[in-house]
Structure formats: structure tokens, C-alpha cells
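# Results of the structural survey
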Amino acid sequence: MSPWGQPPRWFVWLCAAAVVAGTAVTVVGTVRIGVTVDETFHVVRLRNYLDQGWYLLDDDLGPTGPGAWVSDSYVYAPVAALFLHLLNVAVGNEAWSEVSASADAYVVRHLGVAFLALCTLGATAVMTRMVSASWRWAVVACAVLAALPMWSGHAMFNVKDVPVAAGYTFVTLACMLLATATRPARRRRAAAVVLLAGGVVLAVGTRPAIWPGLAAAVGLLGLVALLGRDRSAHWWRLTDAALGALAGLVVLMAVYPSVFLHPLRWALGATSESAGYHGARFWGYIPLYIMCTVPVVLLLFGLVGCFVRFRGRVARRREGWTSRDLLMGLVLAQALLLPVLLMIRVPSLNGGLRHLLFAAPAVAVLVAAGIAQVLGDVPGRRGRGLVAGVAAVGLAVPVAVQVQLFPLGYSYANPLSDAADLGLAADFWQASFREYADDVPSGAFVVCGAKLDEDARPWRQMPNGGQSWLDVGRDCGTSGALSVLQPFLPADRDPAGPDVASEFVALVVYDDPSPEGCEEIGRVTRLRFVTEVVASRALLCPLVVPDYEGPFAVDGEGHGATYLLGGWSGDGGDPDITVHDRASLGVHLDELPGRLAIRLAGSADGDVDFLVNNVPAPATASGDGWLVRPPADLPEVGEPGNVVLTLVASGGPARLTHVEVEGVVP
């Protein structure tokens, strides 16, 4: 007999249907969804790991490893990416030493992420069965997890948060198995050790900073064993848990020795770097997104039901604590420990609740417990039927809305968000940009996620999201591994020409402020409940460059990066930026001087030709650089007053450190 009672049979069947529907949406979505922006970074990281042994971006690497300027050396690790790479190798999309940025390779990665999500769904079922002693409630918990748009949506693609959630859930389940196993149950104990080791490898091997949560789960198991009446009868539980954890760490040392061979360094570095991520901080971020992006009915069942359940259990604490209390304590730890610590620490978070995706499986168990509590507290068959009916609607509606938003289910927001007019971005991950592949004009320069100036005018740059400052000006239609659009473009599409054009295409997530001065040429919309939401827009925009504010330096750390228009390269520690072929930068002058002259500091290993506004401009050697004197009658490129300088290097690279427009007082 389950201590939670039993849910109505029809309700269980409806929950099973919700699981099937949510799973189908996720699996089909892996093929239909576009490439998301963070996936591109992890392709680059994996290439560097295979080449140089460091899971970092191109500009993070110095001659002997991470540069002194790098602030995320321990934030990510390659285990999840390697698993997905193995899948691509198995199906022939990649060779072992090559990482593909093709559409087919991304589909396989998405399917691999969905597989991990399905494994997590199974682990959630077993966890619920253990705390409730009922497979019916296990089905309910799985339905809750499948109905959470945050979970099912991210399960289509999220290569860095779903694996962490899977690994954390495996560790929690392993500790629950050890807590309820008997010493002679060797198969159960062996399964727990393997599960714990695998969970450590998957979670820590993807995001090393998750280790405190895993340590808390193992620590809670050990604490209960040590505080028991007969400690000697429980030492084997601690031994098994330690064996699983150490086995996982040994595997991590073998897979990523550059980091995991130094345990204290990576453990401290991962937590400090993750907590110290630069960006806006808001103490109410987590509560706000919980209230606005978690389905309301499920949220209420979870809060009210669990509060009543745990208040009653505390009131009966004199009866003594049982093994089932320990199991629920492990679930609570996964659901609440790190989120509460994050609310106290107030780190910089973005992308909704995706940083807390690891808590979703445990939250699903708690919501099921809340439904069970309310069902048990309501008297009469009719009352129980009413509660079950409300819960059924609370499960069915989010699944239906995910179908409406498909495949952008992760952009779900509940009616509270719409009522408060919060204007949450509907496509933080740029997954909808795939839908513009056939609409982007051939030969156009494309920017994915254009950066806006203070007047809300798009620049020909994408916001910096982890890539090099020198990559933000690259054409999204031809930028290879860093492009969310290129894998889906027609093979016969013409790339942008060498000249800097007066217009470009900006693909922007729909958010405030709206870009100004552009012509809309397309948009992606979805229904969410009864409201049409705009996920993103395609805009044809005039070239806008920053106002000239005086002489400026340019280097690998990002100084002067707002003026760059693509083609540059360099590392974070470099005192200059480099052009190997062709690169441009631009400034805006309120008034062009009668005789324009641009002084450049730099050097070249070969020859350098200069163009201003796409017109050849003579230059003379001057000190440690060149003095460029363009012709008086310059054509306009974009808005009047734009001055676009292009360097064309031949016979060797050229380097630039300083730019000055002579005779112009800002």
C-alpha cells in the first residue's frame, strides 16, 4: 500500500498519454529545431579539446594553455560533447579527429540530448516509485516532468544543461538505492555504484561547478549512516558511495587530464568562475521566472501540497525518521539546495531557468507528492475527482501549448507573465533563425542577433556571448562553426561580396527595445495560449557604425571592438589585431573634413592596400604605421558620415594597434 494513496486510474492513463505526447514533441523537435547559439561554441570547444587538450574557445588559448585573460577555464568540460561526438562518429557524420558543423551532425547531437533526457525520465520514475511505493505515482511524476516546457523544450538541444540534469538525477537515484539496499543485495549495490560513477562523470564532466550538489547528496547519505544507532552496520554504504564517486573522478582525470588531475584547483576554480560570471544580477530573478514560466497549476500543487506534507511530517517527528524520509530528503536536496544558494549568492543568470534544469526531475517528484497530498486531504469521491480533474488540466494545457509553440517550447510563459506584460524574450537561443534560411537575400551580409546602439539602431555585429570580440563582426551566413544559420542555407546561395555593403540583414530575437530604421522582411510567430508571440524578426538595415570619439586602440582584449566590421583575428593577450586577408572597421563622423586623413599604427609582413568606403585610397608609410588619404569624393556606405576603412593584406599578415582620424575633434 502506498503511503501516498492511489491516484484515480483514469488520471494515470491521462498522465501516461502526457508522457507519450511530451516525449514525441521532444523527439520530433530534435529534427525540426534549429541550431542554438551555445551549441556552436561547444563545437569550437570540442575541436580545441581534440587538437590541444583544452575544452576552450579559440581566443582562450595561449602557447601553453589557457591565457591569463581567460575567466572560464573550469566552467565547462567535454564529457557530454564527447558522447555526442561518438554518436556522430558512429553514424558517419564525423571522423574521430573532426567535429562537423553540418545540419546532420546537429540533428544527431540533438537526438543524443533527447536520449539523455529520456534516461532521466526513467530515473525520475524509479525515484518516485521508491518514495511513494507506487508505479502509478511514478507515471504522474513523469507526466509532470514531460509537461514542464522548460524540460521538454531544452531536451531537444541543450548540450550543456540536460546532461548535467541527467547526471545529477543518476547520483540522487544511486544514493536512494544505497539508502534502501541491504548488505547482501550485491546487484542493487553494484547498480548504485555504477549509476553514481556515471552520474559524476556526466554532470561534473559537463559543468564542473555542479560538484557541491553531488557532494551534498553523498554527504546526506553518509550523515544518516553515521548518525544511525548501529554505525558498523552501515559502513558499507559509505564505502560503496565513495567507490562510485572515486571511480567517476578517475574517469574524468583520464578524459580531461588538463583540468581534473588538479582536484582542488578545478573544484575551487569551477565554483568561483561560475559564480563570478559577468552580467546583470537581480536578486528576484529565480522567483520571478519560477512564477512566470512554470505552469501555474503544477506550481500551486507543488507549493501547497508539499508545504502541507512536510509540515505534517515535521509535526510527527517524535515518531522517528524512516528510510523514506531520507529518500525524500535526497529529492529535496536536488530540487532546492543549489537554487536556494544561487538566490542567496545572486549570480548573473540568463536564458530563463535553464541554469536550474538539474532541479527539474526532483521538482517533478515533489509536484507529484503535492498532488497526492491534496488528493488525500480532500474528503469524498467527488472532491477527489475534482482535484484530479484540476491536476489533469494542469498537465494537459502545458503540453498543448508546447505543441502550439513547437519546436520553440522552451519559450513558454504562463498567463501570469502575459498579465504582468513582462515581455520575456520568446527565442533567447535563436533556434527560430533556421526558418529564415530560404528568405535571406542571396549575397547579403547577415548578422545573427544584432547588437543595438543607444538609439536602438542595429550594428553589423552580434552581441558577445562567449566568442572572441573579434568574431562578433563575422557574417552569420559564412562564419562556419559559430553560425546558427549557415548549416541550413541553400548550397547555391551566393556569399556576401568583399565590399562593405550599405545594407545588411539582421536576425533579431523579438525583445525590447525594437530596432529602429530597418525594414522588416520576415518574422517567426507562434501562438501561446490565445496570444500571438513573435519569436524573432528578419530586418534589412542600413549600415550603422559607432560615432568617432577620438583616437582609439585595438587589441585582442576587445578594445576598439565596437568599430570592427569583420575579418580580424587575434588572441585575448595580443597587443594588436591581425588581418590575414581582408578586414574592415568603421567610424561615423558628424561632418567630413575637407581633406580626410586616417593615421594607423601597425606593421605588416607583406604588402597592404587600403580602401575607404570601398574605394582605393593611397597610403604612405608614416612612423610605425601608415597615413591613409582617401579621395575627396567618397561614395556613401550606409548612413551619411560613415567612414569604412578596409585593409587588404598580401604576402603576409598585417597588424593594427591604433586608429586616428586626423583633423576631427569629437
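Structure shown above.
Now for a description of the structure that goes with this document. (Residues numbered from 1 in each chain as written. Predicted model: local features only at pLDDT ≥ 70, side-chain atom pairs only at ≥ 80, totals over all residues. Heavy atoms only, no water.)

### Section: the state of the cysteines
Under the counting rule described, the total for this entry stands at two disulfides. Residue C518 pairs covalently with C541 via a disulfide, S to S 2.2 Å. Because the sign of the S-S torsion sets the handedness, a value of about 115 degrees for the bond joining C518 and C541 places this disulfide among the right-handed ones. Taken as a pair, C518 in the loop between β4 (503-509) and β5 (519-528) and C541 in strand β6 (residues 531-542) lie far apart in primary sequence, 23 residues in all. Given a relative accessible area of 23%, C518 falls into the partly exposed group. Along the protein chain, the cysteines engaged in disulfide bonds are linked according to the scheme 1-2, 3-4 when indexed in sequence order. Its sulfur unpaired, C15 is 9.7 Å from the next cysteine sulfur, which belongs to C142. A residue is classified by how much of its surface remains accessible, and C15, at 0% relative accessible area, is buried. (Disulfide = S-S within 2.5 Å. Helix = DSSP H or I, 4+ residues; strand = E, 2+ residues; numbered from the N terminus. Buried < 20%, exposed > 50% of the residue type's maximum accessible area, 1.4 Å probe, protein only.)

### Examining the packing of aromatic side chains
Counting across every chain of the model gives 16 aromatic pairs. In this structure an aromatic cluster arises from ring pairing among Y49, W54, Y256, F260 and W266. Here the guanidinium or amino end of R109 rests over the ring plane of Y106, the centre of that ring lying 4.7 Å away. Between the NZ or CZ atom of R460 and the centre of the ring of F445, over which it lies, the distance is 3.6 Å. (Phe/Tyr/Trp six-rings, centres within 6.5 Å; stacked < 30°, edge-to-face > 60°. Lys NZ or Arg CZ within 6 Å of the ring centre and 35° of its normal.)

### Quick look at a nonpolar patch on the surface
Taken together, L336, L337, V340, L341, M343 and I344 make up a surface patch of nonpolar side chains, about 500 Å² in accessible area. Relative to the elements of secondary structure, L341 occurs in helix α15 (residues 323-345). (Patch = residues over 30% accessible without salt bridge, like charges linked within 9 Å, V, L, I, M, F, W, Y side chains within 5 Å. Areas by Shrake-Rupley, 256 points an atom, 1.4 Å probe, with all protein chains shown as cover. Salt bridge = Lys/Arg side-chain N within 4 Å of Asp/Glu carboxyl O.)

### What to know about empty space enclosed by the protein
Tallying each qualifying case throughout the model produces four cavities of 30 Å³ or more. Approximately 150 Å³ is the volume found for the largest cavity. Around the largest cavity, the lining comprises 15 residues; the ones closest to its centre are H42, Y55, A81, L84 and V159. Elements represented by at least two residues in the lining of the largest cavity include exactly α2 (37-52) and α3 (79-91). Considering only residue class, the lining of the largest cavity consists of nine nonpolar, three polar and three charged. Contributing to the lining of the second largest cavity are G22, T23, T26, A114, A117, L118, L121, A146, W151, S152 and A155. (1 Å grid on protein atoms, 1.4 Å probe; cavity = no way out; pocket = protein on both sides within 12 Å on 5 of 7 lines; lining within 4 Å. Points joined across faces, edges and corners; volume = space filled by probe spheres on them. Nonpolar A, V, L, I, M, F, W, Y, C, P; charged D, E, K, R; others polar.)

### Some words on the sheet that holds strand β3 (residues 446-448)
Reading across from one edge, β3-β4-β6-β5 is the order of the four strands in this open sheet, with mixed pairing throughout. Strands at the two margins of the open sheet, each flanked by one partner only, are β3 and β5. The average angle at which neighbouring strand axes cross in this sheet is 20 degrees, direction not considered. Both β5 and β6 contribute to a ladder of nine bridges, which runs antiparallel. Note on β6: the bridge partner recorded for E520 is L539. Across the face of the sheet, helix α17 (residues 381-405) comes into contact with β5 and β6 while running at roughly 160 degrees to β5. (Pairing = 2+ DSSP bridges. Axes fitted to C-alpha atoms, helices over the stretch in contact; angles between N-to-C directions. Contact = heavy atoms within 4.5 Å.)

### Describing the sheet that holds strand β13 (residues 615-617)
Strands in a sheet are paired, the pairing made by backbone hydrogen bonds, and the direction either parallel or antiparallel. Taken together, the four strands give an open sheet; going across it, the order is β10-β16-β12-β13, and neighbouring strands pair in antiparallel fashion. Two strands in the sheet have a free side with no partner beyond their single neighbour: β10 (582-588) and β13. Taking each pair of neighbouring strands and ignoring which way they run, the sheet shows an average axis angle of 30 degrees. With three bridges joining them, strand β12 (residues 607-612) and β13 adopt antiparallel strand pairing. Across the sheet, L611 pairs through a bridge with P616, a residue of β13.

### Digging into the pattern of salt bridges
Applying the stated rule across the entire model yields 14 salt bridges. Across the pair R599 and E662 runs a salt bridge whose closest N-O atoms are separated by 2.6 Å. Here the residue R599 occupies a position in strand β11 (residues 597-604), and E662 occupies one in strand β17 (residues 654-662), the gap between them amounting to 63 residues. Residues participating in the shared-partner salt-bridge network are D161, R207 and R354.

### Points about unusual backbone geometry
Cis rather than trans, the peptide bond between F406 and P407 has omega equal to -5 degrees. In this fold, P407 is placed in the loop between α17 and α18 (415-420). Although it is not a glycine, Q430 sits at a positive phi angle of roughly 65 degrees. Turning to its location among the elements, Q430 is positioned in the loop between α18 and β3.

### Let's talk about the nonpolar core
The tendency in soluble globular proteins is for nonpolar side chains to be buried as a group. F11, I210, F358, I371, L485 and L507 are the most contacted members of the largest nonpolar core, which has 152 residues in total. With 14 residues, helix α7 (residues 162-180) is the single largest residue contributor to this core. Once residues within four sequence positions are removed from consideration, I371 is found in contact with F11, W137, V140, F301 and A391. By size, the runner-up hydrophobic cluster in this structure holds 30 residues, among which are L564, V579, V587 and L600. (Core = buried A, V, L, I, M, F, W, Y, C linked by side-chain atoms within 4.5 Å.)

### Thoughts on the environment of V637
By the element assignment, V637 lies in the loop between β15 (625-628) and β16 (642-650). Classification of V637 as buried rests on a relative accessible area of 3%. Sequence separation between V637 and Q430 is 207 residues; the distance between their C-alpha atoms is 29 Å. When neighbours within four sequence positions are excluded, V637 is seen to be in contact with V500, A501, S502, L543, N613, N614, N642 and V644.

### A short note on helix α13 (residues 285-293)
Within α13, the full set of buried residues consists of Y285, I286, Y289, C292 and T293. Along the axis of α13, the buried residues cluster in a sector spanning 145 degrees; they form a single face. (Arc of directions from axis to C-beta.)

### Quick look at the packing of helix α14 (residues 296-315) against α17
A packed helix pair is summarised by two numbers, namely the angle formed by the two axes and the spacing between the axes. Interaxial distance between α14 and α17 falls to 7 Å at its minimum, and their mutual angle equals 130 degrees. Between α14 and α17, the crossing angle belongs to the class labelled oblique. Contact residues: α14 offers V297, L298 and F301, while α17 offers V387, V390, A391, G394 and L395. Looking at the contact of α14 with α17 residue by residue, the classes come out as seven nonpolar, one polar and no charged. (Parallel < 35°, antiparallel > 145°, perpendicular 65-115°, else oblique.)

### As for the packing of helix α5 (residues 135-147) against helix α16 (residues 360-377)
Axis separation between α5 and α16 bottoms out at 8 Å; the angle between their running directions is 125 degrees. Taken together, the axes of α5 and α16 lie oblique to each other. Between α5 and α16 the crossing geometry is right-handed. In this structure, α5 uses W137, V140, A141, V144 and L145 to contact α16, whose residues at the interface are A360, P361, A364, V365, V367, A368, I371, A372 and L375. (Left-handed = near helix turned anticlockwise from the far one by under 90°.)

### Some thoughts on the layout of surface pockets
Put simply, the second largest pocket is a space of about 860 Å³. Around the second largest pocket, the lining is made up of 29 residues, and of these T322, S323, R324, D325 and L326 lie nearest the centre. Listing elements by their share of the lining of the second largest pocket, those giving two or more residues are α9 (211-227), α14, α15 and α16. In terms of residue class, the lining of the second largest pocket is made up of 15 nonpolar, eight polar and six charged.

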